[in-house]
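Chain residues, written in single-letter form:
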Amino acid sequence: MSHPFDAAELAASYANKSPQDILKLAFEHFGDELWLSFSGAEDVVLVDMAWKLNKNVKVFSLDTGRLHPETYRFIDQVREHYGISIDLLSPDAAALEPFVKAKGLYSFYKDGHGECCGIRKTAPLRRKLATVKAWATGQRRDQSPGTRSQVAVVELDTAFSTADNALYKFNPLAQMSSEDIWAYIRMLELPYNSLHERGFISIGCEPCTRPVLPNQHEREGRWWWEEATQKECGLHAGNLITKA
């Protein structure tokens, strides 16, 4: 890694740069200490761009234990397509088992997704990010007007930084639209999750994801029983912190 840099200053200077330029910046500063978060949906574009810059790119994905079978198959398809390893992060059984025993498998429909996501997503992610200096995500501003409209291309990750580790977060696809993403996927014939062919746009855990209707925003297919302003999971909790 090169010397520390000013995330706010770089966010401004790279605000209108291409995703590839933002990824080049990330690799230049962090090299092999940069990890990509792959969610098993449209993040294949991020993986493709990064892999073309660095064949040894490091990728992880959260295996919550509740993903669709199609998502598991897609993760393996991407692994084989690029010839890369994908670290699958699982929940801590010591936390998950008593939670399920006490509240069952669908408590989030009654009391919100926060506790379940905390165990299945946030805790495993926190364990991972405690060991790295920077990570890159496939977040886009058009994904969620309620929480992602102000996503910066580079930021200090206030949700997962610690006193001992200043964690930097890159969002190279922030300015891309869903239309841009799918034009890229089709043009290069990239693999994609087959659930997209059945009306799913934003894909997460099976119980918390459903297809959207015509003219519905993609985020309406996630946690549809909750307020739109709270529709973030463990990966990007910082978006809610920023808005508070």
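Residues numbered from 1 in each chain as written. Predicted model: local features only at pLDDT ≥ 70, side-chain atom pairs only at ≥ 80, totals over all residues. Heavy atoms only, no water.

By the naming in an unreviewed UniProt entry, the protein chain is Adenosine 5'-phosphosulfate reductase, taken from Pseudomonas leptonychotis. Its UniProt record, at the heading Catalytic activity (unreviewed entry), says of the protein chain: "[thioredoxin]-disulfide + sulfite + AMP + 2 H(+) = adenosine 5'-phosphosulfate + [thioredoxin]-dithiol". Regarding the protein chain, the relevant UniProt record gives this comment under Pathway (unreviewed entry): "Sulfur metabolism; hydrogen sulfide biosynthesis; sulfite from sulfate." (UniProt positions renumbered as here; feature names shortened; annotations may be inferred.)

**What about the environment of Trp-51?**
Residue position: Trp-51 is located in helix H3 (residues 44–53). Between the C-alpha atom of Trp-51 and that of Tyr-82, which follows or precedes it by 31 residues, the distance is 7.6 Å. Setting aside residues up to four positions removed in sequence, Trp-51 forms contacts with Val-57, Tyr-82 and Ile-84. (Helix = DSSP H or I, 4+ residues; strand = E, 2+ residues; numbered from the N terminus. Contact = heavy atoms within 4.5 Å.)

**A look at the UniProt feature "binding site: [4Fe-4S] cluster" (unreviewed entry) in the protein chain**
The positions UniProt marks with the feature "binding site: [4Fe-4S] cluster" (unreviewed entry) are Cys-116, Cys-117, Cys-205 and Cys-208. Judged by maximum C-alpha separation, these annotated positions cover 93 residues in sequence but sit close together in space, the widest gap being only 10.9 Å. Note that Cys-205 resides in the loop between helix H8 (178–188) and helix H9 (238–243). A residue is classified by how much of its surface remains accessible, and Cys-205, at 10% relative accessible area, is buried. If sequence neighbours within four positions are ignored, Cys-205 has contacts with Thr-64, Arg-66, Leu-67, His-68 and Lys-121. As for its position among the elements, Cys-208 is in the loop between H8 and H9. The residues contacting Cys-208, other than those within four sequence positions of it, are Phe-108, Gly-221, Arg-222, Trp-223, Trp-224 and Trp-225. (Buried < 20%, exposed > 50% of the residue type's maximum accessible area, 1.4 Å probe, protein only.)

**Topic: the packing of H3 against H8**
Closest axis-to-axis distance for the H3/H8 pair is 10 Å, and the angle between their directions is 60°. In this view, H3 runs oblique relative to H8, as classed from their interaxial angle. Between H3 and H8 the crossing geometry is left-handed. Between H3 and H8, the residues in contact are Val-44, Val-45, Asp-48, Met-49 and Lys-52 and Ile-181, Tyr-184, Ile-185 and Leu-188, respectively. Its residues assigned to classes, the contact of H3 with H8 comprises seven nonpolar, no polar and two charged. (Axes fitted to C-alpha atoms, helices over the stretch in contact; angles between N-to-C directions. Parallel < 35°, antiparallel > 145°, perpendicular 65-115°, else oblique. Left-handed = near helix turned anticlockwise from the far one by under 90°. Nonpolar A, V, L, I, M, F, W, Y, C, P; charged D, E, K, R; others polar.)

**Focus on the environment of Glu-33**
Within the fold, Glu-33 resides in the loop between helix H2 (19–30) and strand S1 (34–37). Placed 101 residues apart in sequence, Glu-33 and Ala-134 show a C-alpha to C-alpha distance of 6.5 Å.

**Some thoughts on the packing of H3 against helix H4 (residues 69–82)**
Interaxial distance between H3 and H4 falls to 12 Å at its minimum, and their mutual angle equals 15°. Regarding the angle of H3 to H4, the classification is roughly parallel. Note on packing geometry: the crossing formed by H3 with H4 is right-handed. Between H3 and H4, the contacting residues are Val-44, Val-47, Asp-48 and Trp-51 on the first element and Phe-74, Val-78 and Tyr-82 on the second. Grouping the amino acids of the contact of H3 with H4 by side-chain chemistry returns six nonpolar, no polar and one charged.

**Some thoughts on the nonpolar core**
Within the largest apolar cluster, 45 residues are counted, with the highest numbers of intra-cluster contacts made by Leu-34, Leu-36, Phe-38, Val-44 and Phe-170. When contributions to this core are tallied by element, the ones reaching two or more residues are helix H1 (7–13), H2, S1, H3, H4, strand S4 (134–136), strand S6 (168–170) and H8. Here Leu-36 is in contact with Leu-46, Val-47, Ala-50, Val-57, Lys-58, Val-59, Phe-60 and Ala-136, once residues within four sequence places are set aside. Core analysis: the next-biggest nonpolar cluster, separate from the first, contains 11 residues, Val-132, Trp-135, Ala-159 and Phe-160 among them. (Core = buried A, V, L, I, M, F, W, Y, C linked by side-chain atoms within 4.5 Å.)

**So, H8**
Listing the buried residues of H8 in full gives Ile-181, Trp-182, Tyr-184 and Ile-185. The arc that holds the buried residues of H8, viewed along the axis, is 155°, so those residues lie on one side. More than 90 degrees from the buried face of H8, the exposed residues found are Glu-179, Arg-186 and Met-187. On its buried face, H8 sits against H3. Immediately beyond the C-terminal end of H8, within one or two residues, lies Glu-189, with a positive phi of roughly 55°. (Arc of directions from axis to C-beta.)

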